[in-house]
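These are the residues of each chain, in order.
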Amino acid sequence: MLKTTRCTILLLSAALGGMAHAGTPAVADTPQNALHALDRLGYGPRPGELAQVQSQGVDAWIEQQLHPESIAMPVELQQRLAQLPSLRLSAAELFRRYGPPARRAAGDDEAARKQVNQAAARVTEEAMQARLLRAIYSPAQLQEVMTDFWFNHFNVFRGKGLEGRIWLGAYERDAIRPYALGRFRDLLGATAKHPAMLYYLDNWQSTAPRTDLFGEVKGGLNENYAREVMELHTLGVDGGYTQKDVTELARILTGWTYLPRLWLQDGDTPFAFEPKRHDAGDKLFLGHHIGDDGQTEGEYALDLLAQSPATAHHIAYELAQYFVADQPPPALVERMAVRFQQTGGDIREMLRTLFHSPEFWAAADQGNKFKTPYRYVVSALRASGTEVRNFRPLLSALEQLGQPLYGCQTPDGYKNTEATWLNPDAMVYRLNFATALGSGRLPLLRDEASLPPLEAPTPMAAAMTPAAMQPAAQPDAPQDRPPPPDPETLRATLGNTLSPSTSAALEQAPPPLRAALLLGSPEFMRH
């Protein structure tokens, strides 16, 4: 207890103190540039990676990251992902096994309903495990970073009903990950048609109003997705559209849905267009007349949105903010927006422009981005080289730090700016995590078979509580805990980034506390 208190005091004290492509000049293969590339294109270095990137060449490493299909996945990572069976199931099969049909089959049997809830919670946990496994261990780091970026851009929330929980992994696998470095229009279409998005923003039940034989109006428009696809996914809040455009797009997208009744007959098509639900009238969207043409109307509307200069600027701004600075350089944003339009929304080409820009390598913008809780936890696991077999302590830490995986309730997703995450309470939680990880107190090696089943969180508010989806605390044995990180290895992994005040605090700290001090240092809070 005394050591923990002393370590926390030291951590608080330190925190308070503290390209050869297309004619561009080659990036010098210095430790500083290698670390900057690892910190921005990925979640920071693992032991030995700093020297590896220097040896390979920073430019060559960046180009390799832009082509994740060329990077071999470690066999152990593949084997561990293969042990998560729900990752292989389609959205329809997930619905059949864990969704409303399973709940209806349970009827009023309390034990059976509890079993259904636990099974659905296990599906959610496997999606979370897969995300963390890849982020920590995959050498295709840019693929993981971009998956996180786009998931927040096209956010869905785990707390909106049973479907909202069981489809998370399928949504990331089918609609985000394959397109993360591809063409924006393909990504936009994949998210628009996935059941997770159709369910989350209610477009699956949006229909043209109908009058029945008794004069009663049935059905009706739902404008949620139409509004968010323009405000958040494409044009941006100042993108030049009107409320009339929102209504017209909602009319255009009536009939874009999924059909559970087909899934119950062993169907497996995630998206369906229902002509009977579609508003067949003429529309005027963003100044373009659109006649009755069924599903093609929606495809044309998405084409218009993806091709808009406002969308190019919006995406360029968000990417530059994510990779360079909270207030990104306007000239860089403009060049990236131009590249978006020149290439038909090629995300890889936008990123290549970004990574070979002088703004990306400017000394003033290196080490200036404050890590989100997710990036902080993942980078700490990578830098320390800690083996993880039990991911629940990490999921719990993310809950306490305010960024539970798939837990952003609003459609704008988690922010990545300092103003969002830097506050005294958050710093205390981070320092507690640094102390626990740095002193080897987290039961990260506990055998999963010994853990009790997860209880599914109740929808909405409860999903945001720190203890959501966590089993009751159980005593852990010494063999459940990995050894503390070696402070000298950790310091070498992080490069020469410590300020004089942090270095002095490190020298004064007892050796058992130095790893925790490094992970809780103000320098490690940034990337």
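What counts and what doesn't
- Residues numbered from 1 in each chain as written.
- Predicted model: local features only at pLDDT ≥ 70, side-chain atom pairs only at ≥ 80, totals over all residues.
- Heavy atoms only, no water.
- Salt bridge = Lys/Arg side-chain N within 4 Å of Asp/Glu carboxyl O.
- Buried < 20%, exposed > 50% of the residue type's maximum accessible area, 1.4 Å probe, protein only.
- Helix = DSSP H or I, 4+ residues; strand = E, 2+ residues; numbered from the N terminus.
- 1 Å grid on protein atoms, 1.4 Å probe; cavity = no way out; pocket = protein on both sides within 12 Å on 5 of 7 lines; lining within 4 Å.
- Points joined across faces, edges and corners; volume = space filled by probe spheres on them.
- Nonpolar A, V, L, I, M, F, W, Y, C, P; charged D, E, K, R; others polar.
- Phe/Tyr/Trp six-rings, centres within 6.5 Å; stacked < 30°, edge-to-face > 60°.
- Lys NZ or Arg CZ within 6 Å of the ring centre and 35° of its normal.
- Axes fitted to C-alpha atoms, helices over the stretch in contact; angles between N-to-C directions.
- Parallel < 35°, antiparallel > 145°, perpendicular 65-115°, else oblique.
- Left-handed = near helix turned anticlockwise from the far one by under 90°.
- Contact = heavy atoms within 4.5 Å.

Enquirer: Please clarify how the pattern of salt bridges should be interpreted in this entry.
Expert: Where charged atoms from two side chains of opposite charge come close, those side chains can pair. Applying the stated criterion to the full structure yields 33 salt bridges. When the shortest N-O distance is used, the salt bridge between Arg-177 and Glu-172 registers 3.3 Å. Judged on exposure class, the residue Arg-177 and its partner Glu-172 are both buried. The salt bridge partner of Arg-526 is Glu-418, with a shortest N-O separation of 2.7 Å. In this pair, Arg-526 is assigned in the segment after helix H28 (511-519) and Glu-418 in helix H24 (residues 418-421), connecting sequence segments 108 residues apart. Overlapping salt bridges bring together Arg-131, Glu-144, Asp-148, Glu-172 and Arg-177 as one network.

Enquirer: Quick question: what am I supposed to make of empty space enclosed by the protein here?
Expert: To find leftover empty space, a probe the size of one water molecule is rolled over the atoms. Its volume calculated, the largest cavity comes out at about 100 Å³. Surrounding the largest cavity, Arg-131, Asp-148, Phe-151, Asn-152, Asn-155, Tyr-374, Gln-403, Pro-404, Leu-405, Tyr-406 and Tyr-414 form its lining. The element best represented in the lining of the largest cavity is helix H9 (residues 141-153), accounting for three residues. When its residues are assigned to classes, the lining of the largest cavity shows six nonpolar, three polar and two charged.

Enquirer: Just checking my understanding: could you explain the packing of aromatic side chains for this structure?
Expert: Aromatic ring pairs: the centre-centre distance and the angle between the two ring planes describe each pair. Enumeration according to the criterion identifies 24 aromatic pairs in this entry. Plain terms: the ring middles of Tyr-258 and Trp-263 are 5.3 Å apart, the flat faces sit at 0° to each other, and that makes the pair stacked. Residue Tyr-258 is classed as buried on the basis of its relative accessible area, which comes to 1%. With relative accessibility at 1%, the residue Trp-263 sits in the buried group. Taking 5.3 Å as the distance between ring centres and 80° as the angle between the ring planes, the aromatic pair formed by Phe-323 and Phe-355 counts as edge-to-face. Of the two residues, Phe-323 is situated in helix H18 (residues 309-323) and Phe-355 in helix H20 (residues 347-355); the sequence distance between them amounts to 32 residues. This pair shows no difference in class: Phe-323 is buried, exactly as Phe-355 is. Pairwise contacts between aromatic rings join Phe-149, Trp-150, Phe-154, Phe-184, Tyr-322, Phe-323, Phe-340, Phe-355, Phe-360 and Trp-361 into one cluster. Over the face of the ring belonging to Tyr-376 we find Arg-430, whose NZ or CZ atom lies 5.1 Å from the ring centre.

Enquirer: Please clarify how the packing of helix H25 (residues 424-438) against H28 should be interpreted in this entry.
Expert: The geometry of a pair of packed helices is captured by two quantities: the angle between their axes and the separation between those axes. The interhelical angle for the contact between H25 and H28, taken along N-to-C directions, is 140°, at an axis separation of 8 Å. On the basis of their axis angle, the class for H25 and H28 is oblique. When the axes of H25 and H28 are compared, the crossing they make is right-handed. Together, Ala-434, Thr-435, Leu-437 and Gly-438 of H25 and Pro-512, Ala-515, Ala-516 and Leu-519 of H28 make up the contact between the two elements.

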